[in-house]
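Residues per chain are reported as follows:
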Amino acid sequence: MLWYSCLWFFCSLPIVTLGASTAALYEMCFRMHDEGDYNTKNFFIAFKDNFKKGTAVWLLLLLLAIVLVVVYYGVVWVENEMIRIVLLAPFCVCFVVWGFLLLYVFPLMGFFENTVKNTLKNAIAMSIKHLRQSVYCFALALLPILALALSVEWFIRLLYIWVFIYPCVAAYWFSGILKPVFLLYAPKDEEEKGSELEETE
């Protein structure tokens, strides 16, 4: 897990490649759960296979994140407290939807072969349909942010954990939670990675 976290970190350094490296990391984690063939070579094969789709989705999510940040600061600057509270409600909903999308889209890429459009649609549909797992994963994903909020000093001191240990541990944890969900939609007579997931109803 330490080695895969390092691979994920260095492959994500260009920033634009973060989506492809995250999808590759999840594919390796799913293989770990299956005791399949996971190694450095397969990580880079998965990275290459997911490069176009992962990069496109990541840039879209990054753009949405920038929009959310701009909107948030715009809402915070509203002087009227009542209006500010009213505006914060839909913002929080959009933030949660963005978070659910971020949590599901890369595991879906690591588990299924599908188009970008269907992957995004399925990520939203599954995150809502399987709300318990979504909330659980979302809460776990907020741990680094919570640690940073509690103590910036200790967060920096333990930065090596968040960079070189947490990524793969979290991905392995999330993949274990999400795999039973994905298996509900996986064709029984096909391999998990390489099967095409149809758009969910």
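Here goes a summary of the coordinates provided. Since we're looking at a predicted model, the values are computed, not measured.

The rules behind these values
- Residues numbered from 1 in each chain as written.
- Predicted model: local features only at pLDDT ≥ 70, side-chain atom pairs only at ≥ 80, totals over all residues.
- Heavy atoms only, no water.
- Helix = DSSP H or I, 4+ residues; strand = E, 2+ residues; numbered from the N terminus.
- Rg over C-alpha atoms; globule rule 2.2 N^0.38 Å.
- Contact = heavy atoms within 4.5 Å.
- Areas by Shrake-Rupley, 256 points an atom, 1.4 Å probe, with all protein chains shown as cover.
- Lys, Arg positive; Asp, Glu negative; His and termini not counted.
- Charge placed at Lys NZ, Arg CZ, Asp CG, Glu CD.
- Salt bridge = Lys/Arg side-chain N within 4 Å of Asp/Glu carboxyl O.
- Buried < 20%, exposed > 50% of the residue type's maximum accessible area, 1.4 Å probe, protein only.

We now examine the overall build of the protein chain. The helix and strand tally for the protein chain stands at 11 helices and 0 strands. Ordered by position in the sequence, the α and β elements of the protein chain form the string α-α-α-α-α-α-α-α-α-α-α. For the protein chain, whose C-alpha radius of gyration is 18 Å, the value lies close to the compact-globule estimate of 17 Å for 201 residues. Reported as C-alpha extents along the three principal axes, the dimensions of the protein chain are approximately 60 × 45 × 30 Å. Look at the contacts in the protein chain between residues 6 or more apart in sequence, and 72% of them connect residues 24 or more apart. Looking at the protein chain as shown, the accessible area adds up to about 11400 Å², and 71% of this sits on carbon and sulfur atoms. Taken as two groups, the 14 positive and 17 negative side-chain charges of the protein chain have centres that lie 3 Å from each other.

For the rest of this paragraph, the subject is the side chain of Thr 22. In this fold, Thr 22 is placed in helix H2 (residues 18-34). Not counting residues up to four positions away in its chain, the partners in contact with Thr 22 are Trp 8 and Phe 106.

It is worth spelling out the pattern of salt bridges at this point. Under the criterion given, the structure shown has 4 salt bridges. Here Asp 34 and Lys 179 are joined by a salt bridge, their closest N and O atoms 2.0 Å apart. Of the two residues, Asp 34 sits in helix H2 while Lys 179 sits in helix H11 (residues 166-183), which places them 145 residues apart along the sequence. Of the residues examined, Asp 34 reaches a relative accessible area of 37% and is grouped as partly exposed. Note that Lys 53 and Glu 113 form a salt bridge whose closest N and O atoms lie 3.6 Å from each other. Of this pair, Lys 53 sits in helix H4 (residues 51-76) while Glu 113 sits in the loop between helix H5 (81-111) and helix H6 (116-129), and the two are 60 residues apart along the sequence.

The quantities given are spatial measurements derived from coordinates; they are silent on function.
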